[in-house]
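# Coordinate inspection notes
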Amino acid sequence: MKVSPLDAHVGFWLRFVSNHVSAAFAARLEAEGVTVPEWVVLRHLYDAPGTSPAALVALLGMTKGAISKIVARLEARGLCASTVSVADGRARHLVLTDAGRAIVPRLARHADENDAAFFGHLAPAERAALVETLRALALRHQLAHLPID
């Protein structure tokens with residue numbers, strides 16, 4: 001039986017490139033004292049203040065305990081705060097602090113620079129086609145959780 005070479009698979013090349021792109025971005029964030037999961041939570045809260053921890057669990061596909069640890073680290077660093085719902089005293093909502101709102105644009109620049117470093121050489125049409133192809137694959141396979149690692 002003939003066995004196909006490892007690098008004959010699209011999945012191999014997706015993973016190969018993804019690992020390098022992700023590792024470079026993680027290193028950029030680490031220099032700022034932030035992990036990738038923390039970045040994803042910060043970025044989400046930037047656009048959606050008042051998100052509940054339960055909503056983050058669903059969005060990221062992480063356990064409640066993992067989300068609690070991320071939120072606790074962000075709160076300890078003064079980047080987000082938890083408020084209690086007036087309607088339901090048991091429900092918590094997360095918001096960025098002023099420091100949290102201030103750090104997100106700086107971290108977003110790192111994301112943009114990392115993207116440019118890996119994909120900036122592509123013509124705009126090539127880049128758009130790559131993004132569209134990957135989005136179509138995500139839609140086709142109903143991939144819902146945001147990438148965090």
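To start, this report covers the structure provided alongside it. (Residues numbered from 1 in each chain as written. Predicted model: local features only at pLDDT ≥ 70, side-chain atom pairs only at ≥ 80, totals over all residues. Heavy atoms only, no water.)

Looking now at the nonpolar core. One broad trend across soluble globular proteins is that nonpolar side chains are buried collectively. In this structure, Trp-39, Val-41, Leu-42, Leu-60, Leu-74, Ile-103 and Leu-107 are the most contacted members of the largest nonpolar core, which totals 24 residues. With six residues, helix H2 (residues 36-47) is the largest single contributor of residues to this core. (Core = buried A, V, L, I, M, F, W, Y, C linked by side-chain atoms within 4.5 Å. Buried < 20%, exposed > 50% of the residue type's maximum accessible area, 1.4 Å probe, protein only. Helix = DSSP H or I, 4+ residues; strand = E, 2+ residues; numbered from the N terminus.)

What follows deals with the pattern of salt bridges. Close approach of charged atoms lets side chains of opposite charge pair. Across all of its chains, the model carries seven salt bridges by this definition. Salt-bridge contacts for Glu-32 lead to Arg-106; the nearest nitrogen and oxygen are separated by 3.0 Å. With Glu-32 in the loop between helix H1 (10-31) and H2 and Arg-106 in helix H5 (residues 98-119), this pair connects stretches of sequence that are 74 residues apart. Classification of Glu-32 by relative accessible area gives partly exposed; the value is 25%. What makes Arg-106 partly exposed here is its relative accessible area of 35%. (Salt bridge = Lys/Arg side-chain N within 4 Å of Asp/Glu carboxyl O.)

Let us now look at the side chain of Asn-114. Within the fold, Asn-114 resides in helix H5. Looking at Asn-114, the relative accessible area reads 4%, which means it is buried. When sequence neighbours within four positions are dropped, the list of residues in contact with Asn-114 reads Val-21, Ala-24, Phe-25 and Arg-28. (Contact = heavy atoms within 4.5 Å.)

On to the layout of surface pockets. Rolled over the atoms, a probe as big as a water molecule pinpoints where empty space is left. Empty space within the largest pocket amounts to approximately 1900 Å³. As for the largest pocket, its lining consists of 38 residues, and the residues nearest its centre are Ser-18, Val-21, Ser-22, Leu-134 and Pro-147. At the level of elements, H1, H2, H5 and helix H6 (124-140) are the ones that each hand at least two residues to the lining of the largest pocket. Tallying contributions element by element places H1 first for the lining of the largest pocket, with eleven residues. (1 Å grid on protein atoms, 1.4 Å probe; cavity = no way out; pocket = protein on both sides within 12 Å on 5 of 7 lines; lining within 4 Å. Points joined across faces, edges and corners; volume = space filled by probe spheres on them.)

Look at helix H4 (residues 64-76): 18 Å from first C-alpha to last across 13 residues, which is about the 18 Å you get at 1.5 Å a residue. Residues of H4 that are buried in the fold lie against H2, helix H3 (53-60), strand E1 (80-84) and strand E2 (92-96). Taken from the residues just after H4, Gly-78 is the one with a positive phi, measuring 75°. (Expected span 1.5 Å × (residues − 1).)

Evaluation of the coordinates by the stated rule reveals five aromatic pairs. Ring geometry for Trp-13 and Phe-16: centres 5.6 Å apart, planes at 75°, overall edge-to-face. Placement of both Trp-13 and Phe-16 in helix H1 is noted, with a separation of three residues, approximately one turn of the helix. Trp-13 gets classed as partly exposed once you look at its relative accessible area, which sits at 42%. When the centroid spacing of 6.4 Å and the interplanar angle of 50° are considered together, the rings of Phe-118 and Phe-119 count as tilted. The side chain of Arg-101 reaches across the aromatic face of Tyr-46, ending 4.2 Å from its centre. (Phe/Tyr/Trp six-rings, centres within 6.5 Å; stacked < 30°, edge-to-face > 60°. Lys NZ or Arg CZ within 6 Å of the ring centre and 35° of its normal.)

Interpretation in functional terms is not warranted from these geometric data alone.
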